[in-house]
Amino acid sequence: MNVRSFITWAGEKGALIEIERAVDPHLELARVMCALDGQAVLFHALTGFSGWRAVAGVCARREHFAAALGCAVPDVIHRMADALAHPSLPPVLDYGPCQEVTEERVDLTRLPIPRYHPDDGGRYVTAGVAVIKDPDFGRNISFHRLMVLDETRFAARLVEGRGTHTAWGKVTGDLPVAIAIDCPIQVLLAAAMSPPKDVDELSIAHALAPTPLMRCQTVDLEVPAEAELIFEGRITHTLTEEGPFPDLTGTMDIVRRQPVVIIDRITHRRDPIFHALLPGGMEHKNLMGMPREPTIFAAVNEVCRCTGVHVTPGGTSWLHAVVQIEKQHREDGRRAIWAAFRGHSSLKHVVVVDTDVDLYDPADVEWAIATRFQADRDLVVLTDQPGSSLDPSATQTPGQKTRTTKMGLDATAPLGKARQGYEKVRYGSVDLGQYGIKR
Ligand SMILES: Cc1cc2nc3c(=O)[nH]c(=O)nc-3n(C[C@H](O)[C@H](O)[C@H](O)COP(=O)(O)O)c2cc1C
């Protein structure tokens, strides 16, 4: 589902907030986005950038992914697992809307790239999906935040060891790159996944939903044909300061020496829409957390019957998960805890619940902890473990892997007769309409 179809879908569902008044991409846009976090918002006018609109919250709800993939919310995890297992090579078209307009000259300062926070290092592209080719593994796509340096250059954050960083480290010259903004939802989801290095994420995207590609004009790379805006250029080996910038955790990330990206060509759709993604907002959280759910699911399923996984937004959609199991053996809860940590190495806290607990409802999960969990019996604590560099409370030593303490709570009820007394009392359902109550 491309961004324009998403806007139409959200509008028809009454799930789109439209702002007609001009909003300034310099700080004001981020404040409005923050106040409306979790909702789809279309900004019809941007101060100082006539002809441009902006969209936010494209991935802010699980329902948006479900609509894009044409399935129910609980099935998104299975569709992701299926696409990971069966990628499908997308077709390359001769014509693509992303090249409707070719800018005569590259000038990044003429684009409505927002400044999100007064302490930021500069104006930032946050929803850019970078396409590169690794000399050994082939095509790779992933998100990289980009800080505007001047008319033609960005500083790109390349996390060490990930696909783009690895490919960049292999070449002595510049690494050709294409950056697509306003990608279809299935591309955004695939870009946030970490399949084995030789698996093409655009083929995962195409397995999720049709994703035609378009050849770039100046680099030997392909981009989603239905993206709104494309930067073509190269990642150089010149380093410059990047940051500070808010991270997924909602805390400020530090300044680092990062590669300079030079942009040689800009193409876009007519009447383009700019995708602004609030750092630390719901969209960022969903895109980080949801791709970890199938990997946790698969790991837990190896040791017991897993029925669902939710990487929760309260845990920054990275550090906390709720795992739902159909318990068949006394030790299944503990086994699930160990397996969940294997399924997502940055996971810090996990709660395991039974199938009668709604893993998307924090109050229901807390209820399970309150009524089914005893710390001296059901708590697993693992000290001095490899952890997430995003966790400010973990032990961070420069040049070394972050260390942390992990905790798993087995909040499942006992099996068999011992389960009596653990079941939730259910009242029968009624049709409130019959009582004159409209909802
Ligand atoms: C919204 C968003 C922003 C991200 N920003 C960055 C970034 O600036 N740099 C980076 O290296 N990874 C970033 N990531 C993570 C990568 O996109 C993600 O880890 C990807 O799976 C890496 O896959 P790879 O190892 O195949 O390259 C971001 C992810 C999301 C969802």
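Because the structure is a prediction, the values reported are computed rather than measured. (Residues numbered from 1 in each chain as written. Predicted model: local features only at pLDDT ≥ 70, side-chain atom pairs only at ≥ 80, totals over all residues. Heavy atoms only, no water.)

**So, the overall build of the chain**
As a reminder, the rule being used: Only DSSP runs of H or I reaching four residues or more are called helices, and only runs of E reaching two or more are called strands; each is numbered from the N terminus. Atoms counted for the radius of gyration: C-alpha only. Globule rule: 2.2 Å times the number of residues to the power 0.38. Contacts were defined at the residue level, with two residues in contact if any of their heavy atoms lie within 4.5 Å. For accessible areas, the Shrake-Rupley method is used with a probe of radius 1.4 Å. Any residue's cover is judged against the shown protein chains and nothing else. Under the counting rule used here, the positive set is Lys and Arg, the negative set is Asp and Glu, and His together with the chain ends is not counted. Positions of charges follow a simple convention, taking NZ of Lys, CZ of Arg, CG of Asp or CD of Glu.
Along its length, the chain carries 12 helices and 23 strands. Taken against the 2.2 N^0.38 rule, which gives 22 Å for 439 residues, the C-alpha radius of gyration of the chain at 23 Å falls within 12% of a compact globule. In terms of principal-axis extent, the alpha carbons of the chain reach across some 75 × 60 × 45 Å. Of the contacts made within the chain by residues no fewer than 6 positions apart, 68% connect residues no fewer than 24 positions apart. For the chain, the exposed area adds up to about 19300 Å²; of that, 51% sits on carbon and sulfur atoms. A distance of 4 Å separates the average location of the 47 positive side-chain charges in the chain from that of its 56 negative side-chain charges.

**Topic: the nonpolar core**
The test is simple: To form a nonpolar core, buried Ala, Val, Leu, Ile, Met, Phe, Trp, Tyr and Cys residues must be joined to one another through side-chain atoms within 4.5 Å. Burial status follows relative accessibility: with a 1.4 Å probe on protein chains alone, a residue under 20% of its type maximum counts as buried, one over 50% as exposed, and anything between as partly exposed.
In terms of nonpolar packing, the biggest core is built from 53 residues, with Phe6, Phe65, Val76 and Val223 touching the most fellow members. With 6 residues, helix H6 (residues 185-191) is the single largest residue contributor to this core. Look past the residues within four positions of phenylalanine 6 in its chain and what remains in contact with it is Met1, Ala40, Gly57, Val58, His64 and Ile185. Core analysis: the second largest hydrophobic core is formed by 45 residues, Phe43, Val106, Leu158 and Ala167 among them.

**Quick notes on the site of the ligand**
The condition that has to hold: A single heavy atom is enough: if one lies within 4 Å of a molecule or strand, its residue is considered near that molecule or strand. Counting of polar contacts relies on pairs of N or O atoms within 3.5 Å, with two restrictions inside protein: one atom must be capable of donating a hydrogen and the other of accepting it, and residues adjacent in sequence are counted only when both atoms are side-chain atoms. Charged residues are taken to be Asp, Glu, Lys and Arg, nonpolar residues to be Ala, Val, Leu, Ile, Met, Phe, Trp, Tyr, Cys and Pro, and polar residues to be all remaining types, Gly included.
Residues in contact with the ligand amount to 19 residues; listed here are only the nearest, Arg145, Arg157, Val159, Gly163 and Met193. At a separation of 2.8 Å, an oxygen atom of the ligand approaches a polar backbone atom of arginine 145. Contact with the protein chains covers 92% of the free accessible surface of the ligand, which is 640 Å². Elements supplying a minimum of two residues to the shell around the ligand: strand E8 (138-143) and helix H8 (282-289). Its residues assigned to classes, the shell around the ligand shows 9 nonpolar, 6 polar and 4 charged.

**Let's talk about the packing of aromatic side chains**
For the record, the criterion: A pair of aromatic rings is counted whenever rings of Phe, Tyr or Trp (Trp by its six-membered ring) have centres within 6.5 Å, and the orientation is called stacked for planes under 30 degrees apart, edge-to-face for over 60 and tilted otherwise. Note on criteria: charge over ring means Lys NZ or Arg CZ within 6 Å of the ring centre, with the direction from the centre no more than 35 degrees off the ring normal.
In total, this model carries 4 aromatic pairs according to the counting rule given. Measuring from ring centre to ring centre gives 3.8 Å for tyrosine 124 and phenylalanine 245, while their planes differ by 25 degrees; the resulting arrangement is stacked. Note that tyrosine 124 is positioned in strand E6 (residues 124-125) and phenylalanine 245 in strand E15 (residues 245-246), a separation of 121 residues in sequence. Residue classification places phenylalanine 245 among the buried positions, given a relative accessible area of 2%. Here the aromatic residues Tyr116, Tyr124 and Phe245 are joined through ring pairs into a cluster of three or more. The aromatic ring of tryptophan 367 is capped on one face by lysine 424, whose charged end is 4.5 Å from the ring centroid.

**Observations concerning the sheet that holds strand E22 (residues 379-386)**
What counts is decided by this rule: Following DSSP output, two strands are said to pair if at least two bridges run between them. Axis lines are fitted to C-alpha atoms, over the contacting stretch for helices. Their N-to-C directions set the angle, which ranges from 0 to 180 degrees.
Taking strand neighbours across the sheet as the criterion, the 5 strands line up as E19-E20-E21-E23-E22 in an open arrangement whose pairing is mixed. Taken across any chain shown, the strands that pair with only one partner, and hence form the sheet edges, are strand E19 (305-311) and E22. Neighbour to neighbour, the strand axes of the sheet diverge by 20 degrees on average, direction disregarded. Where strand E20 (residues 320-326) and strand E21 (residues 349-353) come together, 5 bridges link them in parallel fashion. Its bridge partner being in E21, valine 322 is matched across the sheet by valine 351.

**Details of the packing of helix H9 (residues 292-301) against helix H10 (residues 332-343)**
Counted only if it meets this: If an angle is under 35 degrees, it is roughly parallel; if it is over 145, roughly antiparallel; if it lies from 65 to 115, roughly perpendicular; otherwise it is oblique. Crossing handedness: left-handed means the near helix sits turned counterclockwise from the far one by under a right angle, and right-handed means the same turn made clockwise.
Where H9 contacts H10, the two axes come as close as 8 Å, and the packing angle between them is 140 degrees. Between H9 and H10, the interaxial angle falls into the category oblique. Our pair here, H9 against H10, has a crossing hand that is right-handed. Listed contacts from H10 to Thr295, Ile296, Ala299 and Val300 of H9 are Ala336, Ala339, Ala340 and Gly343. Class assignment of the residues belonging to the contact of H9 with H10 gives a composition of 6 nonpolar, 2 polar and no charged.

**Overview of the environment of isoleucine 337**
Tracing the backbone shows isoleucine 337 in helix H10. Measuring from C-alpha to C-alpha, the distance between isoleucine 337 and cysteine 216 comes to 45 Å, with 121 residues separating the pair along the chain. What isoleucine 337 contacts, discounting residues up to four positions off in sequence, is Val350, Val352, Val380, Gly408, Leu409 and Asp410.

**Side note on helix H7 (residues 201-208)**
Most of H7 is tucked away: 7 of the 8 residues are buried. Here H7 has its buried residues at Glu201, Leu202, Ser203, Ile204, Ala205, His206 and Leu208. With a side-chain oxygen lying 3.1 Å from the backbone nitrogen of leucine 202, the N-terminal cap of H7 falls on aspartate 200.

**Structural notes on helix H2 (residues 28-35)**
Stated precisely, the cut-off is as follows: The arc in question is formed by the directions pointing from the helix axis toward the C-beta atoms.
Within H2, the full set of buried residues consists of Leu29, Ala30 and Met33. Angularly, the buried residues of H2 cover 95 degrees about the axis, an arc narrow enough to put them on a single face. Looking at H2, the residues exposed on the side facing more than 90 degrees away from the buried face are Arg31 and Ala35. Where H2 is buried, its residues contact strand E2 (40-43) and strand E3 (53-56).

**A look at the pairing of strand E14 (residues 229-242)**
Bridging between strand E11 (residues 175-181) and E14 involves 7 bridges; their strand directions are antiparallel. Residue pairing across strands places alanine 178 opposite glutamate 232, the latter belonging to E14. With 11 bridges connecting them, E14 and strand E17 (residues 256-268) associate as antiparallel partners. Counted as the bridge partner of isoleucine 235 is valine 261 from E17.

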